Amino acid sequence: MPQDPSEYVSKIFKDGIFKDKVVFCTGGNGSICSGQVRALVHLGANACIVGRNVEKTEGMAKDIATAREGAKVIGIGACDVRSMESVQKAVDTCVKELGRIDFCIAGAAGNFLAPMSQLSSNAFKTVIDIDLIGSYNCAKACLPELVKAAKEHPTGESTVPSGRIIFISATLHYGGTVLQTHAVAAKAGVDALSSQVCIEYGPLGITSNVISPGPIGGTEGMDRLAKKAKEGTNPWKVIPSGRMGKVKDIADATVYLFSDAANYVNGEVLVVDGGAWRTTSTGRDFPYPDFLLEGGSVEGVGGMKKQKSGSKL
Ligand code: HXC
């Protein structure tokens, strides 16, 4: 269904900045990655999204194509990122049909909640295979095309450079997260993988960065991993920005990293979470004390320093 651009990209970006660029995206039928691709297509790019579910992936490609008149978006289903052969085939189809790959988003992921005691070795391996090996396969298959594109449109010499990759990670491993041993290990690996791409391919004109989303509303990830909030409560108050993230927040970060504005950003992790990981990791679940908004001070606990009357400094 056509969406209003204000739902998935900020107005500050110039129309057509990604004209003639091609983006390849794994996990492109999911809520976050489809939003990222939709924003790039709206701003001029053509795209190839891949996913396991044929109907969902092809349907999402058609839907994303409504973001701009004349956009070419192909959806390749039955592609499992755990198989290098499967990813390579999709990359070859993308190049055959769209001519090139300028940008890559390694976004496919799988997750569920399970304590280690109920996480079989195979279940752990399954998430490592999808998130980490899948990201590797995606980078490995796209990098030769990205290097070619970067030579044609090098950073610093082209208005809009090519040869950029974004890995979608998470913040789960910063402080550790219960029931997420598999995803924590996988996403730590994804961050390390991106750094390696940066140092080995930076000299060939590639930038490799990570976007780590916090809790993003209306996504499969949140449906699967977050408890429903009790009526009348705001569980997102614990996030410094006071709200859950939107798909648009991640799409905006993507446009920035693929644009000329991020030429010198390489090997970085861009956390887009409203500051959430700084307050919501295990054992640090301490909501913002509202009395501070009213100018109040901490009272009624032992060990407080006595304040002189009128002293604020
Ligand atoms: C415990 C589970 C499990 C569950 C699967 N397994 N689901 N264990 N709890 N809920 C175990 C199985 O028992 C099996 O181990 C092993 O994992 C492989 O399971 P399969 O079903 O054979 O694997 P597969 O069909 O490949 O399924 C992949 C999957 C599944 C990830 C495990 O959940 C899936 O397809 N999910 C859909 C995609 C998805 O998760 N999207 C959300 C992404 S959001 P045994 O021992 O029985 O062989 C996201 C955000 C992360 O990733 C960041 C959050 C902030």
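Residues numbered from 1 in each chain as written. Predicted model: local features only at pLDDT ≥ 70, side-chain atom pairs only at ≥ 80, totals over all residues. Heavy atoms only, no water.

Labelled according to an unreviewed UniProt entry, the protein chain appears under the name 2,4-dienoyl-CoA reductase [(3E)-enoyl-CoA-producing], originating from Lithohypha guttulata.

1. Some thoughts on the sheet that holds strand 5 (residues 164-168)
In space, the seven strands of this open sheet follow the order 3-2-1-4-5-6-7, with parallel pairing throughout. With partners counted over all chains shown, the strands left at the sheet margins are strand 3 (73-76) and strand 7 (269-272), one partner each. Strand-to-strand twist in this sheet, taken as the mean axis angle between neighbours without regard to direction, amounts to 15 degrees. Here strand 5 pairs with strand 6 (residues 207-213) via five bridges, running parallel. The partner of I168 across the bridge, within strand 6, is I211. Along the sheet, helix 1 (residues 31-42) makes contact with strand 1 (22-26), strand 2 (46-50), strand 3, strand 4 (103-106), strand 5 and strand 6, crossing strand 1 at roughly 175 degrees. Across the sheet, helix 2 (residues 54-65) touches strand 2 and strand 3, and the angle it forms with strand 3 is around 170 degrees. (Pairing = 2+ DSSP bridges. Helix = DSSP H or I, 4+ residues; strand = E, 2+ residues; numbered from the N terminus. Axes fitted to C-alpha atoms, helices over the stretch in contact; angles between N-to-C directions. Contact = heavy atoms within 4.5 Å.)

2. Let's talk about helix 3 (residues 84-98)
For helix 3, built from 15 residues, the straight-helix expectation of 21 Å at 1.5 Å per residue is met to within 8% by its first-to-last C-alpha distance of 21 Å. Structurally, helix 3 contributes buried residues whose contacts are with strand 1, strand 2, strand 3 and helix 4 (121-152). Positive phi appears at G99, one or two residues downstream of helix 3, with a value of about 95 degrees. (Expected span 1.5 Å × (residues − 1).)

3. Side note on the nonpolar core
One finds F18, V37, I105 and V255 to be the most contacted residues of the largest nonpolar core, which totals 40 residues. Listed by contribution, the elements that provide at least two residues to this core are strand 1, helix 1, strand 2, helix 2, strand 4, strand 5 and helix 8 (247-258). If you tally residues by element for this core, the top one is helix 8, at seven residues. The contact partners of V255, leaving out residues within four places of it in the chain, are V9, F13, I17, F18, A39, L40 and L43. By size, the runner-up hydrophobic cluster in this structure holds 33 residues, among which are I76, C104, A141 and V210. (Core = buried A, V, L, I, M, F, W, Y, C linked by side-chain atoms within 4.5 Å. Buried < 20%, exposed > 50% of the residue type's maximum accessible area, 1.4 Å probe, protein only.)

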